[in-house]
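Commentary on secondary and tertiary structure
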Amino acid sequence: GQRTTRAMSSENLGIENKVGATTVDLLGKITTLSSRALGTEDEFFKQLAFRANLRANIVVDAGSMSIEELKKMGYNSRQEYMDVEFEKAFETKITAEERWQEMVLTGKIVNDEKVKEKFISETIGAANQSSTYAQKALDEARQATFTNPLRKGSMSFGFQQYANSHPILRQIVPFIQTPMNIMANFVDRTPLFNVFRQEYREALSSSDPAVRSQAVGKMVVGTAIYTSLAHLAYEGRITGGGPTDPKLAALYRNSK
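Treat the numbers as computed from the prediction; the structure is a model and nothing was measured.

Now for a nonpolar patch on the surface. There is a patch of nonpolar side chains on the surface, built from L26, L27, I30 and L33 and spanning about 380 Å² of accessible area. Here L27 is to be found in helix α2 (residues 18-31). The class for L27 is partly exposed, based on a relative accessible area of 43%.

If you want it as structure tokens, here you go:
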């Protein structure tokens, strides 16, 4: 396995002096605090959305099944179905080891015990790729946190690939995926503009009623928001930021 080091660390910079090494390592940790905090926050909300959607999808399916159907699948009750399917949606030590063996057999990775141990420890508890419920909940969680992968062939994906191949560009635009997803969500909820986006048109004509209803819901919510804002602006209740001069701003507030 290949071991990575911090960009700012005594090991990476070759500092052997104990005091200097400790100082550099501390500075290295401090400089990455913001990105680590952002990553932790993102993972926290993604897990909340993942588990909530997972539970909701399983409960809805369990409620639509008869006892006879559940027994044919090997379950004695709806509660048993929900509990087992919920657990199956997460990687266990057994499923993680199976994934490792599959990667070794297909030549994707070299069979190294230390790397295997790290892989299994980091994989346990993650979304099980073989679970349909897990994949659906993961997609919905990514949508909720604006971290879903950019669509291949799109302009935003092309720009992301270009930035990845030119590290200097990453210093100017460090974040690409999330802002692009936020912009896409804005367009999806903007009447007339949304029909020009290919992904939205595909969702609107999808054979999956859940995907189709979600697309219609975006249109309805966007229309309601824009209509409300237009009405408030027409009534003069939304007038902009007002004067920037403090004295004029005070007169402006008092005149109301």
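We now examine the nonpolar core. Membership of the largest hydrophobic core comes to 19 residues, with the highest contact counts inside it found for F50, L54, I58, Y81 and F90. Only α3 (33-64), α5 (78-88) and α8 (132-144) provide two or more residues apiece to this core. Filtering out sequence-adjacent residues up to four positions away, F90 remains in contact with F50, R51, L54, G125, A126 and N128. By size, the runner-up hydrophobic cluster in this structure holds six residues, among which are A96, W100, V104 and I120.

Before going further, it helps to examine helix α6 (residues 93-105). Compared with an ideal rise of 1.5 Å per residue, which puts 13 residues at 18 Å, α6 spans 18 Å between its outermost C-alpha atoms and is within 8% of the ideal. Buried within α6 we find T95, A96, W100, M103 and V104. Contact partners of the buried residues in α6: α7 (113-123). Directly after α6, the chain includes G107, whose backbone phi takes a positive value near 75°.

This part covers the packing of α3 against α5. In contact at an axis separation of 10 Å, α3 and α5 are set at 145° when each is read in the N-to-C sense. With respect to the hand of their crossing, α3 and α5 are arranged in right-handed fashion. Where α3 approaches α5, its residues R51, L54, R55, I58, V59, D61, A62 and G63 are matched on the opposing element by R78, Y81, M82, D83, E85 and F86. Looking at side-chain class alone, the contact of α3 with α5 contains seven nonpolar, one polar and six charged residues.

The terminal C-alpha atoms of α3, which comprises 32 residues, lie 47 Å apart, in line with the 46 Å expected from a rise of 1.5 Å per residue. Of the surrounding elements, those touching the buried residues of α3 are α5 and α8.

Their axes nearest at 9 Å, the elements α6 and α7 cross at an angle of 135°. Our classification of the angle between α6 and α7 gives oblique. The element α6 and its partner α7 pack so that their crossing is right-handed. Residues K93, A96, E97, R99, W100, Q101 and M103 of α6 pack against V115, K116, F119, I120 and T123 of α7. Partitioned by chemical class, the residues of the contact of α6 with α7 number six nonpolar, two polar and four charged.

Definitions and limits used
- Residues numbered from 1 in each chain as written.
- Predicted model: local features only at pLDDT ≥ 70, side-chain atom pairs only at ≥ 80, totals over all residues.
- Heavy atoms only, no water.
- Patch = residues over 30% accessible without salt bridge, like charges linked within 9 Å, V, L, I, M, F, W, Y side chains within 5 Å.
- Areas by Shrake-Rupley, 256 points an atom, 1.4 Å probe, with all protein chains shown as cover.
- Salt bridge = Lys/Arg side-chain N within 4 Å of Asp/Glu carboxyl O.
- Helix = DSSP H or I, 4+ residues; strand = E, 2+ residues; numbered from the N terminus.
- Buried < 20%, exposed > 50% of the residue type's maximum accessible area, 1.4 Å probe, protein only.
- Core = buried A, V, L, I, M, F, W, Y, C linked by side-chain atoms within 4.5 Å.
- Contact = heavy atoms within 4.5 Å.
- Expected span 1.5 Å × (residues − 1).
- Axes fitted to C-alpha atoms, helices over the stretch in contact; angles between N-to-C directions.
- Left-handed = near helix turned anticlockwise from the far one by under 90°.
- Nonpolar A, V, L, I, M, F, W, Y, C, P; charged D, E, K, R; others polar.
- Parallel < 35°, antiparallel > 145°, perpendicular 65-115°, else oblique.

Purely geometric numbers; function is a separate question.
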